[in-house]
Amino acid sequence: MSSSLKDRIRRIYPDVPIDENSLDVFVGLVEIQEDIASKLSGKYSDLDREKVREVLSQGKPVLSVMELRIDDDDFVSAVKRIAGYLREELADAREGLSKVIEAQESGQLNLSDLKGAFMRGDVEAVHEAASRVGVDHEMLEAVVAWAMQPFFQAFSESVGSAVGFEGWESGRCPVCGSFTRVEVVQPDGAPLLRCQFCGAEWKYPEGKCPYCGNSDKSTLMVLGLEEDKRFGVGICRLCGNYWKIVDEGVAGTDVPRRFYDIWTLKIDLLLTGGRKG
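Residues numbered from 1 in each chain as written. Predicted model: local features only at pLDDT ≥ 70, side-chain atom pairs only at ≥ 80, totals over all residues. Heavy atoms only, no water.

## With respect to the pairing of strand 2 (residues 191-194)
- Going residue by residue along strand 2, you find Pro191 and Leu193 tucked away on one face and Leu192 and Arg194 tucked away on the opposite face as well.
- Where strand 1 (residues 182-185) lies against strand 2, four bridges are found, and the strand directions are antiparallel. Within strand 2, the residue paired with Val182 across the bridge is Arg194.
- In textbook terms, the turn of a hairpin is the stretch between consecutive antiparallel strands, and for strand 1 and strand 2 this stretch comprises five residues, one of which, Gly189, has a positive phi near 95°.
- Between strand 2 and strand 3 (residues 201-203), which pair antiparallel in sequence order, lie six residues; one of them, Gly199, sits at a positive phi of approximately 90°. (Buried < 20%, exposed > 50% of the residue type's maximum accessible area, 1.4 Å probe, protein only. Helix = DSSP H or I, 4+ residues; strand = E, 2+ residues; numbered from the N terminus. Pairing = 2+ DSSP bridges.)

What follows is the structure, encoded as structure tokens:
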């Protein structure tokens, strides 16, 4: 783990209700993902910019129309690297992760098929693969998702650099279509939303629900936390969703935004009665 990233993240550990060893493992996983993504950036440099602009102008996320190209060898390498790292760090999951790696090497587990199932949202196919290999399906889903994420991040970075997201008015991610859980208030007071999966960031009006677009103050609340001015929460009574707010004017900008979701985990636990998700 790079000392610079570890040092930057260490300051948030007291705020996160997770044990230090688990946080260390998570930071190490993020470092691996970022390294994978950095090596993929050139693969998406040939974007059809006009096509991307056309899709965005129609109010559609880019990947709802355009295909994300993922080389099978690159994906296998990402899965092996992430599963191998977690196998070394997580003793209670070591046996299952070993089975995943061994099943891939023997041909029992086809990662290309799993990649396709993930892109289609075919959860059943992942469950069936986990059953064949004899591993917990949630573990296999997590490994596949963590291995896929760097590809989305590399693509998202290329899209953002090529065309930007000016004029995007939806609370959904303009790249992958995910709904965000985190709003960032920048030091100058300008708000933006950040996608937790692909990392896209775009301007979004303050006091507007990112899930349903509601801005009626009678059914929408944006509250600060009395005990911690760094964070806030938006609650929409119309759709029943909430989102978390990090005020960089108070919190500073030393912590990478990639970690804002876990940094504000206490808000999730507060609003869900201790159940994350």
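## Here's the deal with the layout of surface pockets
- Looking at the second largest pocket, its volume works out to about 300 Å³.
- Along the walls of the second largest pocket sit 15 residues, with Gln153, Glu157, Arg194, Cys198 and Gly199 positioned nearest its centre.
- When contributions to the lining of the second largest pocket are tallied by element, the ones reaching two or more residues are helix 2 (20-40) and helix 8 (137-162).
- In terms of residue class, the lining of the second largest pocket is built from four nonpolar, six polar and five charged. (1 Å grid on protein atoms, 1.4 Å probe; cavity = no way out; pocket = protein on both sides within 12 Å on 5 of 7 lines; lining within 4 Å. Points joined across faces, edges and corners; volume = space filled by probe spheres on them. Nonpolar A, V, L, I, M, F, W, Y, C, P; charged D, E, K, R; others polar.)

## Topic: the packing of aromatic side chains
- For the structure on display, the rule yields nine aromatic pairs.
- When the ring of Tyr260 is compared with that of Trp263, the centres are 5.7 Å apart and the planes differ by 50°; the resulting orientation is tilted. With Tyr260 and Trp263 both in helix 10 (residues 260-263), this residue pair falls three residues apart, about one helical turn.
- Through successive ring pairs, a cluster of aromatic residues spans Phe118, Phe152 and Phe197.
- Between Arg172 and the ring centre of Phe179, over which it is positioned, the NZ or CZ distance is 5.9 Å. (Phe/Tyr/Trp six-rings, centres within 6.5 Å; stacked < 30°, edge-to-face > 60°. Lys NZ or Arg CZ within 6 Å of the ring centre and 35° of its normal.)

## Structural notes on the sheet that holds strand 3
- The sheet built from six strands is open, its strands ordered 3-2-1-6-5-4 with mixed pairing. Bordering the open sheet on either side are strand 3 and strand 4 (220-225), each of which pairs with just one other strand. Each neighbouring strand pair of the sheet contributes to a mean axis angle of 25°, computed without reference to strand direction.
- As paired elements, strand 1 and strand 6 (residues 242-247) share four bridges and run parallel to each other. Its bridge partner lying in strand 6, Glu183 is registered against Ile245.
- The sheet strands contacting helix 11 (residues 265-272) are strand 4, strand 5 (228-236) and strand 6, and the helix crosses strand 6 at an angle near 150°. (Axes fitted to C-alpha atoms, helices over the stretch in contact; angles between N-to-C directions. Contact = heavy atoms within 4.5 Å.)

## Section: helix 3 (residues 49-57)
- Among the residues of helix 3, Val52, Val55 and Leu56 are the ones counted as buried. Summarising the axial view, the buried residues of helix 3 lie within an arc of 95°, below the 170-degree limit, and thus occupy one face. When the buried face of helix 3 is taken as reference, the exposed residues oriented beyond 90 degrees from it are Glu50 and Ser57.
- Contacts made by the buried residues of helix 3 are with helix 8.
- Gly59 sits one or two residues past helix 3 and shows a positive phi near 75°. (Arc of directions from axis to C-beta.)

## Things to note about the nonpolar core
- In terms of nonpolar packing, the biggest core is built from 59 residues, with Phe75, Leu109, Leu140, Phe155, Val175 and Trp202 touching the most fellow members.
- Of all the secondary structure elements, the ones that give two or more residues to this core are helix 2, helix 3, helix 4 (72-89), helix 5 (94-106), helix 6 (111-120), helix 7 (123-133) and helix 8.
- Sort the elements by how many residues they give to this core and helix 8 lands first, with twelve residues.
- Leu5, Ile9, Ala251 and Trp263 belong to the second-largest nonpolar core, a separate cluster that totals 24 residues. (Core = buried A, V, L, I, M, F, W, Y, C linked by side-chain atoms within 4.5 Å.)

## A short note on the pairing of strand 6
- In terms of burial, strand 6 is a largely internal element, five of the six residues being buried.
- Of the pairings in the sheet, the one linking strand 5 to strand 6 comprises five bridges and is antiparallel in character. By the bridge assignment, Val233 is partnered in strand 6 with Lys244.
- If you look at the hairpin formed by strand 5 and strand 6, you'll find five residues sitting between the two strands, and Gly240 has a positive phi there, around 85°.

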